[in-house]
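Below, each chain spelled out in residue letters.
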Amino acid sequence: MRRRDFLQAASGALGIAAIASPALAQLGAAMPSFDQRPDKPRSFGYKVSWFAVKASDTASVLDAVEFGKATSANWASGLAGASPYGASQRSDPWVFASPPVSGWVLVVGFWLPYPVAPTEPYHDIGRKFDVLFSRLMKRFDDVQFFGSYRVVGFVAWARALKGTPMRIFAYADGEVFANLGEQTPEEAKLKFANLTGLSPRDARDKIFKIAEEQETEESALVARGLSPREASARVWQNGHEAIPGERDVVELAALWSIDPTNLSNQESSLGLGLAARLPKNLMQ
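The numbering scheme is per chain: residues are counted from 1 as the chain's sequence reads. In view of the model being predicted, local features appear only for residues whose pLDDT reaches at least 70, and side-chain atom pairs are presented and counted only at 80 or more, with totals across whole chains, interfaces and linings using the full set of residues. Side-chain measures here rest on the full set of heavy atoms in the structure, leaving out hydrogens and waters.

Trainee: Break down the overall build of the protein chain for me, citing the residues and quoting the values.
Mentor: Helix and strand labels come from DSSP, where a helix needs a run of H or I of at least four residues and a strand needs a run of E of at least two; each type is numbered from the N terminus. The secondary structure content of the protein chain amounts to 9 helices and 9 strands. Looking at the protein chain as a whole, 52% of its 284 residues qualify as buried. As displayed, the protein chain offers around 12,700 Å² of accessible surface, 51% of which is attributable to carbon and sulfur atoms. Between buried and exposed lies partly exposed: a residue is buried under 20% and exposed over 50% of the maximum accessible area for its type, with that area taken using a 1.4 Å probe on protein chains only. Residue exposure ignores everything except the shown protein chains as possible cover, and the areas themselves are Shrake-Rupley values with a 1.4 Å probe.

What follows is the structure in structure tokens.
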């Protein structure tokens, strides 16, 4: 979708669960089947959310979030169980906590809550996210969150260091749900829009303003004889597409911690993680 069309379509904020649930509910719920044969890391990263926690022990991470009883699961079955397209459903949501990979434990699940400022719609989801983020911050020095769901243009990222939230951002359906903290050096390196100090609504307006300017510049270049692809490349050479996307999430994850889309290429031994039900009072 072109940026101008997106701006016209983005007429209101819709929660991810509000859009995803009706279609997914038709799939039916079933108890996940978890394979306990150790395997190597499997890649993921799109249409899902995850915490990345600097830790050396999977059980300690699950203990911190207080999800209750867990069962051993390898990468393949654990990730499948945490996916809404596998067995995990809104009526029976599961998460998978991975074995440590390069010093990081990844807690993956479609139904994990995401950041939402108290003044924004769906702030109850944000409150649930704050609960989990806080529990992890109290136990671990570096806690991160990432998420994307392209159907509604959802992206989110957050990071806390030594118990202090440093950066929190979430965007979906043409609205910024959360924008806390200064732009990090890694966001600047990726040429994300600098939204430091802006309220969610002001951050949204800045994103759209930059998007309109980019659209205008592209149109002018095309009028001068460049192809649309050449025009886009010229515009983005000195910047970044203003409206954030799912690729931005994994690129930032790669700089902050670990790229989940490249886990299959990691040098790692066979291992087992843990699968646990996400408490209903903490799901989005």
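Trainee: Could you give me a rundown of the packing of helix 7 (residues 200-223) against helix 8 (residues 228-237), with the residues and numbers involved?
Mentor: Helix-helix packing is described using two parameters, namely the angle between the two axes and the distance between the axes. For every element, the axis is a line fit to its C-alpha atoms; helices are fit only across the contacting stretch, and the angle between N-to-C directions ranges from 0 to 180 degrees. Look at helix 7 against helix 8: their axes get within 9 Å of each other, and the N-to-C directions meet at 130°. On the basis of the axis angle, helix 7 is oblique to helix 8. Between helix 7 and helix 8 the crossing geometry is right-handed. Residues Gln 214, Glu 217, Glu 218, Leu 221 and Val 222 of helix 7 pack against Pro 228, Ala 231, Ser 232, Arg 234, Val 235 and Trp 236 of helix 8. The labels follow the angle: roughly parallel below 35 degrees, roughly antiparallel above 145, roughly perpendicular from 65 to 115, and oblique for the rest. Note on convention: the crossing is left-handed when the near helix lies turned anticlockwise from the far helix by less than a right angle, right-handed when the turn is clockwise. Two residues form a contact once any of their heavy atoms are found within 4.5 Å.

Trainee: An account of the pairing of strand 4 (residues 104-109) is needed here, citing residue identities and associated values.
Mentor: Taking burial as the measure, the 6 residues of strand 4 include 6 buried ones, the bulk of the element. Side chains Trp 104, Leu 106 and Val 108 project from strand 4 onto one buried face, and the interleaved Val 105, Val 107 and Gly 109 project onto a second face that is buried too. Note: strand 1 (residues 48-54) against strand 4, 6 bridges, orientation antiparallel. Opposite Lys 54, over in strand 4, you have Trp 104 as the bridge partner. Any two strands with at least two DSSP bridges between them are considered paired. The pairing of strand 3 (residues 94-97) with strand 4 spans 2 bridges and is classified as antiparallel. Within strand 4, the position partnered with Ala 97 by the bridge is Val 107. Hairpin connection from strand 3 to strand 4: 6 residues lie between these consecutive antiparallel strands, with Ser 102 at a positive phi of about 50°.

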